[in-house]
Amino acid sequence: MELWQVPLLFSRLPMFPFFDLAHYVASVMALKEQRGAVEVSVRSPVACWFSAMLYCFGGSVLSSLMLAEPPVAFLARGTNILLASSVWYLVFYCPQDIFYRCFAFLPLRLLVAGMKEVTRTWKITAGVAHADSHFKDAWLVMVAVGWARGAGGGLISNFEQLVRGVWKPETNELLKMSYPVKVTLIGAVLFTLQHSQYLPITRHNLMFLYTVFLVVSKVTMMLTRSATSPFAPFEAALGHMFFGLQKTPYKVKGEGAASSNGSSVCDRSSSEQHRDGVKKRQAKKTE
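Residues numbered from 1 in each chain as written. Predicted model: local features only at pLDDT ≥ 70, side-chain atom pairs only at ≥ 80, totals over all residues. Heavy atoms only, no water.

### Things to note about the overall build of the protein
Thought 1: Counting its regular elements, the protein contains 13 helices and zero strands.
Thought 2: Reading the protein from its N terminus to its C terminus gives the helix and strand order α-α-α-α-α-α-α-α-α-α-α-α-α.
Thought 3: Evaluated residue by residue, the protein yields a buried proportion of 36% over its 287 residues.
Thought 4: Look at the contacts in the protein between residues 6 or more apart in sequence, and 73% of them connect residues 24 or more apart. (Helix = DSSP H or I, 4+ residues; strand = E, 2+ residues; numbered from the N terminus. Buried < 20%, exposed > 50% of the residue type's maximum accessible area, 1.4 Å probe, protein only. Contact = heavy atoms within 4.5 Å.)

Next comes the structure, spelled out in structure tokens:
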């Protein structure tokens, strides 16, 4: 096998069962680590299972809604549902939490996270191709559906939280995008350009390079325990250049704190004066 054949063979890798299994394990473990998820699993296993399915198949649900297709179509894949449900049961209800503890072991967790990123590439390319079959050469639709297919679990996180009885609108991914959602959007744009033959690179080479970047960046962020996006410097520069975004000066915050402290001091002194006046009147009455 020659070196140039590696990307081609890589692009032909089947996702089922091993890569899909890794995706389900990483997704359900991420759900269990959400605040209150374990309590929901005890109080309502049905709600917990539905949340897990949204974590695992959120991309399929969201992309189907965008293309006016049945959002429950993923339930027709009985083997995948059975596999994901088995993972959900073992993660939440395995005795002594053995299953979760095994995959929480760092080497295994890195392996699962890397394999999950591989499935992200396949989902983006499938979403772009599926959108093109409905709307020929519609760039925005292809980007949107590819983005939804690859990062649907994050984009519908507010709905998933509602299933668990949590309402946090401030966690909306459109307000503050997480790194997986950002990198999936970039991938959707790249694969749309390649699909429309505006990017001078073959599909399998782009899949290989993009996946390598995903896996390396994900593993690096997990090893360094860094939550900072690798795109942060570029985002700051572009935001300042095109939208005038800049950090709030610390002096203004200090002045605001000083003014609030000053007002509190004034309020305190006025209340003390009022208290002293009341005491004096009460003393006069007793005299």
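### Some words on the confidence of the model for the protein
Thought 1: Taken as a whole, the protein shows an average pLDDT of 88; of its residues, 85% reach a score of 70 or greater.
Thought 2: Here residues 248-272 scores under 50 on pLDDT; set against residues more than four positions off or in separate chains, the count is one contact. (pLDDT = per-residue confidence, 0-100.)

### What about the nonpolar core?
Thought 1: By size, the foremost hydrophobic cluster in this structure holds 53 residues, and its most contacted members are Val 28, Met 53, Phe 57, Val 91, Phe 92 and Phe 191.
Thought 2: Looking at this core, the element that brings in the most residues is helix H2 (residues 18-32), giving eight residues.
Thought 3: Other than its neighbours up to four places away in sequence, Val 28 contacts Ala 52, Cys 56, Val 87, Trp 88, Val 91 and Phe 92. (Core = buried A, V, L, I, M, F, W, Y, C linked by side-chain atoms within 4.5 Å.)

### Brief notes about the environment of His 130
Thought 1: Structurally, His 130 can be placed in helix H7 (residues 106-134).
Thought 2: Taking the relative accessible area as the measure of exposure, His 130 reaches 24% and is therefore partly exposed.
Thought 3: Not counting residues up to four positions away in its chain, the partners in contact with His 130 are Leu 67, Glu 69 and Arg 149.

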